[in-house]
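What the coordinates show
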Amino acid sequence: MKKIIIPLLPLIFLASCSQSPDAPFTGAQWIGKTIADTAFYDEEGHSQVPALCLNNEFLLEKPVKNARLYISAMGWYEVFINGERVGDDVFGNLPTEYDHTIYYLSYDVTSLLEEGGNTIGIMLTPGYAVGMQKGMALFGAPRVIADLQIQTGWNKWQRILTDTTWIMTDKGPVTRSDLYDGETYDARLDFTPYYEQAQVLPAPGGKLLPQPAPSMAVMDTIAPLSVKPVIKTENKKTIETGHWLVDMGQNMVGWFSLTAKGKEGQPVIMRFAETLQADSMTIYTDNLRDARCTNTYIPAEDGEFTYCPSTVYQGFRYVDIEGLEEAPSLSDMKGLVIYDRMTSTSSFECSNDILNRLHRAAYNGIRGNYHGMPTDCPQRDERLGWLGDRFTGAYGESYLFDNHEFYLKWLQDIEDTQDSLGQVAHIAPQYWLRLRSANVTWCGTYISIAYMLLQRYGDEQGFRLHYDSMRRWVQFIVNNAMEDGLVVKDTYGDWCMPPESQELIHSKDPSRITEKAVLSTTVFYQLLGYMQEFARRMGKTADQQEYAALAESLRQAYNARYFNPETAQYSNNTVTANILSLALGLVPEGQEQRVMDNIVDVTVNRFDSHVSVGVLGIQHLMRTLTRMGHPELAYRIATNTSYPSWGYMLEHGATTIWELWNGDTANPAMNSGNHVMLLGDVLLWMYEDLAGIRPACDALPDAPDAYRQLYMQPYFAPGLDYVKASYQSPNGLIVSEWKRQEGNIIHWSVTLPKGVSAIVQLPNQTQQTFNESFVCTIDQ
């Protein structure tokens, strides 16, 4: 990995002194370099801002006892003290709407300082501060604020603050850094001749706060699978192109590190892609849209070099390399996987290969979309925190990762998008502008995430901190989206349901499309239930009663409008219309099984036991089928390998989840190979319905949250010989393993943490409660 070492300069700046450490940033100024409005973007509307390198030198007359650096930037950065990188965080403080909230980090840097002369350098790049394309949010020129507090004796402190004593240059080797387009690194360029005085810039405007969640980091390393020369055939002749194709073996997100031989001044160009064209030699980039996804390294001399970017990331499986003097070696390349620092918390394995591969693809895709926010995709010209993708997805993700602090941070991002009317944006942080509307199915994720944090982690901060904001949003929906007792407005529909033709992105068949008011009303009913629980816990009785009354009137109006009592069908009888009504509790009492029968009939007889729902219906499909008496159909859907299915994706080369069920044939305008929204509730189904690790509060009223009690009712699928699953819950490690033995006997063992109980429902048996680990045998 390259190391930015900002050289020592002749000037020595003496730090100011105080008798005790001040509050962080007292007296510090935001510094950077002004950029003219016309200089942010090139003629094609792509950002063209180079890295800004800032430097300060200072003298320490006594040995250092303790030292701590406080730092924040509008943009991304790396910090170096005496040539050594500070910390192992990637990109610095997490991205936010900088004019609302901005976070700072702190590091113990005692070991990096020494008596005598010292230097501190910061390399500052745009990150999300400068919209990657013209028309995106432009917060202004990147800027940084820092406070280095150094204790040199008893109650003796020196401080190095960002101000005009710092010097800077934008003529360093990183000549371009753009999250969509990539990084250009010219090793021939030297910092020294170009320094000028740093400029004081206005503060970003947001509240400066300690960061509430860990930053991104390099969390894994992947060795490439193969490297081969790219060969073309013309007129039956084989032609060597001078390009090399690297296959990482899986879709990954992060950095590609290369050690190879180059020639002075000859660019080594690395282009990234998720898939290949039909010739299996040429990378397929149409689905990247306007993102160039290219890193360029220009050697300073002939011979071996090592290059790894540090200011951008890419989502890719394949790398096309051009400009090398000789073939690169597999051992000299590696992929560095980057995502927010968090613990992996589970394992899942079973006897079905499709389910195991699906679990692994989900794991790869989820971590590949954790970048300071839950992004939709990591590769094309988007990489944004779309709310709708995580409405239910976050619950399943919480089995795989301890995403507690990550999502708590995102709730603040969402509130920061809220306007005076109460509406929140469809994306948070709001880096794409103008995406606001009375959109329950996307924006309601705000409330759903807070409920996830409560149910899965027992954390009430999410709703307590944001309750007033959520209440304003609910009122905005009531005032702006309701007619005749129903929520009638919706923006995206049941997004990405499988179309009738595999060449389409969206279906044009009215019989497949679920009416907007069905989607918005059912989901709003669900959210009102969550708001009732928040109000109850906060002692807001009047609010609780208000939400209960609104929910009941909504249910009655909905059934009067959409439920056909003769057929037990909702609206036009799509699986999504029926399953949302059933799963979310709107079906009239006594009619549940009839509605379920319609779901099964349409799924089996019209869609041949395949998926027929989009991003909203898929959030409830697997669990509802299983818990309403049709687990065998859920299992078939999960293990299908023909279109449309998760297995179809896997059998057609996917190592992460596609954006579309037909991602290999649809228009490249929208066929990302690394999206997670179509996972729906399949991860929840794996852990809760196959392994039986389900929090009781998800099944029973008034049960404790955070897995202090389980409700275990595993489905011993006839197609499975065994299931092994574990989950490191907030209250300890839970393990559930079952195996099919001779004579169709099931041997099931469960490990429970101390203080955790389990209510167990076995087939054809009454409930039993266990207060400690147990083993049982079931005769099927």
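Sequence positions are assigned chain by chain, starting from 1 and proceeding in written order. Predicted model: local features are reported for residues with pLDDT of at least 70 only, side-chain atom pairs are reported and counted for 80 or more only, and whole-chain, interface and lining totals are derived from all residues. Values shown for side chains rest on all heavy atoms present in the structure; no hydrogens or waters enter the calculation.

Notes on unusual backbone geometry
Most peptide bonds take the trans configuration, and most residues that are not glycine carry a negative phi. For the bond running from Ala428 to Pro429, omega is -10°, close enough to zero to count as cis. Secondary structure counts use DSSP, requiring at least four H or I residues in a row for a helix and at least two E residues in a row for a strand, with both numbered from the N terminus. When you line up the elements, Pro429 lands in the loop between α3 (404–416) and α4 (440–443). The peptide bond linking Tyr643 to Pro644 adopts the cis configuration, its omega dihedral lying at -10°. By the element assignment, Pro644 lies in the loop between α12 (631–639) and α13 (646–651). Positioned with a positive phi, Asp702 is a non-glycine residue whose angle comes to about 70°. Inspection of the secondary structure puts Asp702 in the loop between α14 (682–690) and β33 (709–712).

Quick look at the sheet that holds β33
An order of β33-β37-β38 is seen for the three strands of this open sheet, with the pairing classed as mixed. Pairing within the sheet leaves two strands with one partner each, and these edge strands are β33 and β38 (767–770). The mean inter-strand angle of the sheet, taken between neighbouring strand axes irrespective of direction, is 15°. Where strand β37 (residues 757–761) and β38 come together, four bridges link them in antiparallel fashion. Across the sheet, the residue bridging to Ile759 is Thr769, located in β38. Two strands form a pair only when DSSP identifies at least two bridges running between them. Where helices are involved, their axes are fitted lines through C-alpha atoms of the stretch in contact, as for all axes, and angles between N-to-C directions lie from 0 to 180°.

Focus: the packing of helix α7 (residues 516–537) against helix α8 (residues 541–562)
Look at α7 against α8: their axes get within 9 Å of each other, and the N-to-C directions meet at 160°. By the angle between their axes, α7 is roughly antiparallel relative to α8. The interaxial crossing formed by α7 with α8 has left-handed handedness. From α7, Ala517, Val518, Thr521, Thr522, Phe524, Tyr525, Leu528, Met531, Gln532, Ala535 and Arg536 reach across to α8, where they touch Asp543, Gln544, Tyr547, Ala548, Leu550, Ala551, Leu554, Arg555, Tyr558 and Tyr562. Note on residue classes: Ala, Val, Leu, Ile, Met, Phe, Trp, Tyr, Cys and Pro are nonpolar, Asp, Glu, Lys and Arg are charged, and everything else, Gly too, is polar. Counted by class, the contact of α7 with α8 contains 14 nonpolar, four polar and three charged residues. Under this scheme an angle from 65 to 115 degrees is roughly perpendicular, one under 35 degrees roughly parallel, and one over 145 degrees roughly antiparallel; angles in between are oblique. Crossing handedness follows the turn of the near helix against the far one: under a right angle anticlockwise gives a left-handed crossing, and clockwise gives a right-handed one. Here a residue-residue contact requires only that any non-hydrogen atoms of the pair lie within 4.5 Å.

So, the side chain of Asp543
Following the sequence through the fold, Asp543 ends up in helix α8. Dropping the residues within four chain positions of it, Asp543 is found in contact with Tyr467, Arg471 and Ala535.

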